[in-house]
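Examining the three-dimensional arrangement
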There are 2 protein chains.
Amino acid sequence: MRPTLSAAALALALAAPVSIPAAASAAAHPTQAEVLAASPASDWRAPVPENTLYLELPAGRVIIELAPGFAPAHVDNMRKLAREHWYDGTFIVRVQDNYVTQWGMPEETPRPMKTALDRLAPEFTVKDGAAALPFTVSPDPDAYAPEVGISDIFPAARDPRTGEAWMTHCYGIVGVGRGYALDSGSGAELYTVIGHSPRPLDRVITLVGRVLKGMELLTALPRGTGPLGFYEKAEQRVPIHSVRLAADLPATERERIEVLSGQSATYVKWREARRFRQDDFFIRAAGHIDVCNAMPPVRSIDG
Amino acid sequence: MRPTLSAAALALALAAPVSIPAAASAAAHPTQAEVLAASPASDWRAPVPENTLYLELPAGRVIIELAPGFAPAHVDNMRKLAREHWYDGTFIVRVQDNYVTQWGMPEETPRPMKTALDRLAPEFTVKDGAAALPFTVSPDPDAYAPEVGISDIFPAARDPRTGEAWMTHCYGIVGVGRGYALDSGSGAELYTVIGHSPRPLDRVITLVGRVLKGMELLTALPRGTGPLGFYEKAEQRVPIHSVRLAADLPATERERIEVLSGQSATYVKWREARRFRQDDFFIRAAGHIDVCNAMPPVRSIDG
């Protein structure tokens, strides 16, 4: 079993697949890893400190980069919530399998806000200014939208007929919990997608960002046994010690990570290497990739 | 926060969405729950005992229904492995976030097989007989295949140009670990998808079934910290006490669950209710659904 298990394991998640169109040689076609290794530093960027939240959990840190291009009012409000330390002492309250991990203040202990607003008009789509958002179009069809692609580091969709753009519900994307009232969300209650991407939620919830690091701290949790995956006992909740903006930490204390720009030449080369991944294990290139399987990669910088 | 949190939580995973085409009334359009509640018993079926495995883990039972229509030789071999108790005392050895949970015999303790074969020719696609497989076509486009839909209870794809059909890598679908050699899998080493569906694996791995119950026992596990998400320490592995075919248990001891037939009229009505879900929270119907978000639902029968 040794060669089989190790080879299967290796092959099942090979970090450096070889992209080989039929009848071509591997050498002539760089792998995803080779594309990234050859990329200029200018194709990568650090998370924007004013847009980056550090969630401190007992098991470690989760890093979320916010997307003011898609939800400017919510991002501004979340900066206020972080700066008034509103999030400190909140909890992960819900983990529903193949759906979402949700966090915020348990309903029985409401917490007033000082500088932030507790209701905001929804930002489900970008209308004015959508054309100004960067957008690298994906070449493959999407079940849900006429056009999908990557805007900066975020998966997104556009509708040429309406001129709207919106972020898409992919694994690790962060959304704003709300009630039935469209203005009942504020960025105080949040969730992230932990299963197959629930794209029917697109355009009915305000999406605010993307988890860049520490996703496993939100996914490898016991599923809640209450309705909708809520934890039934207070002691099951995972405490959130603090949430800080990277901008409010000394530069020396910020995580040394970078994300590939979705508008870079490297991103397109990397996406094509994924679309046409073919190697000793991937004997047949899919020739396609969906937007939630093609989010710009994150790398850590040895400090 | 009470109404907001509870309403948001309710709405985020509402079990009974209302399907309301624009300018129509809710009453005239059944919800997914209403469609299922009104379904005839004949549209549902119990898991086929000869095709159903019960994995007994310390935390409970995982139920997998195998798909002989897609991988007859592997399913036959897995029946042999279960009946010679080969799986008993194996372990979950790998949990890679947003990818797979994998189980089998750790490579340092190989276990010979008595009646089963340790290598099988791959069953990546169905060629001969593909036209005979039941298939309910999905109406929405797919990034990876010319045609997707549901075959029996399994998500699947077809290529009219080649006449081939294959199961698709959706959340909870079970695949056969293999090495680089195409015939190096046997059904002894298995994995299931625990994140966004990795469809590029379609047609390069033999898919054998679907988890029908207990998925959370395979997803809410610590992610492995070794390469590819393998557990680095033996004590981190999750023991699999036993794996039995439902057919080998007395009928009174079999799980009382049923799955909706993908070929039933109810399935199409239910899928349409999902495609056009619109209610007080889902203010805008997606009007679309992807195949991995439309697998036939499972229900338990009160015994």
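Quick look at the structure, then. Note that the structure is predicted; figures quoted are calculated from it, not measured.

1. Some words on the sheet that holds strand β5 (residues 100-104) of chain B
Residues and elements named next belong to chain B. Spatially, β13-β4-β5-β11-β10-β12-β3-β2-β14 is the arrangement adopted by the nine strands of the open sheet, whose pairing is antiparallel. The open sheet has two edge strands, β13 (238-240) and β14 (242-245), and neither has a second partner. Here the average twist between neighbouring strands, direction ignored, is 30 degrees. Alignment of strand β3 (residues 60-66) against strand β12 (residues 207-213), held across four bridges, turns out to be antiparallel.

2. Regarding the state of the cysteines
Where two cysteines share a covalent bond between their sulfur atoms, that bond is called a disulfide. Residue and element names in this part refer to chain A. By the definition in use, this model includes two disulfides over all chains. Disulfide partner of Cys-170: Cys-292, at an S-S distance of 2.0 Å. Negative torsions about the S-S bond denote left-handed disulfides, and the value of about -75 degrees found for Cys-170 with Cys-292 makes this one left-handed. Of the two residues, Cys-170 is situated in the loop between β9 (164-167) and β10 (173-176) and Cys-292 in the loop between α5 (265-275) and β16 (298-300); the sequence distance between them amounts to 122 residues. With respect to burial, Cys-170 and Cys-292 carry one shared label: buried.

3. Quick word on the interface of chain A and chain B
Taken together, the contact pairs 72 residues of chain A with 72 residues of chain B. The contact between chain A and chain B buries some 6,600 Å² in all, and 64% of this surface belongs to carbon and sulfur atoms. Linking chain A with chain B are zero salt bridges. Remark: the boundary between chain A and chain B carries 20 residue pairs in polar contact (both at pLDDT 80 or more).

4. Section: the environment of Pro-134 of chain A
Residue and element names in this part refer to chain A. With respect to the helices and strands, the residue Pro-134 is situated in the loop between β5 (100-104) and β6 (136-137). The exposure class assigned to Pro-134 is partly exposed, which follows from its relative accessible area of 36%. Setting aside residues up to four positions removed in sequence, Pro-134 forms contacts with Ile-150, Ser-151, Asp-152 and Gln-263.

5. Considerations on the nonpolar core
Phe-70 and Met-167 of chain A are the most contacted members of the largest nonpolar core, which has 48 residues in total. Counting residues in each nonpolar core, the second largest holds 47 residues, with Phe-135, Ala-145, Tyr-191 and Ala-246 of chain B among its members.

6. A few points about α5 of chain A
Buried residues of α5 of chain A: Thr-266, Tyr-267, Trp-270, Arg-271, Ala-273 and Arg-275 of chain A, and no others. The inward-facing, buried residues of α5 of chain A abut α2 (32-37), β6, β7 (147-151) and β15 (257-260) of chain A.

What counts, and where the lines are drawn
Residues numbered from 1 in each chain as written. Chains lettered and ligands numbered in written order. Predicted model: local features only at pLDDT ≥ 70, side-chain atom pairs only at ≥ 80, totals over all residues. Heavy atoms only, no water. Pairing = 2+ DSSP bridges. Helix = DSSP H or I, 4+ residues; strand = E, 2+ residues; numbered from the N terminus. Axes fitted to C-alpha atoms, helices over the stretch in contact; angles between N-to-C directions. Disulfide = S-S within 2.5 Å. Buried < 20%, exposed > 50% of the residue type's maximum accessible area, 1.4 Å probe, protein only. Contact = heavy atoms within 4.5 Å. Buried area = accessible area lost by both parts, 1.4 Å probe. Salt bridge = Lys/Arg side-chain N within 4 Å of Asp/Glu carboxyl O. Polar contact = N/O pair within 3.5 Å; in protein donor to acceptor, adjacent residues only side chain to side chain. Core = buried A, V, L, I, M, F, W, Y, C linked by side-chain atoms within 4.5 Å.

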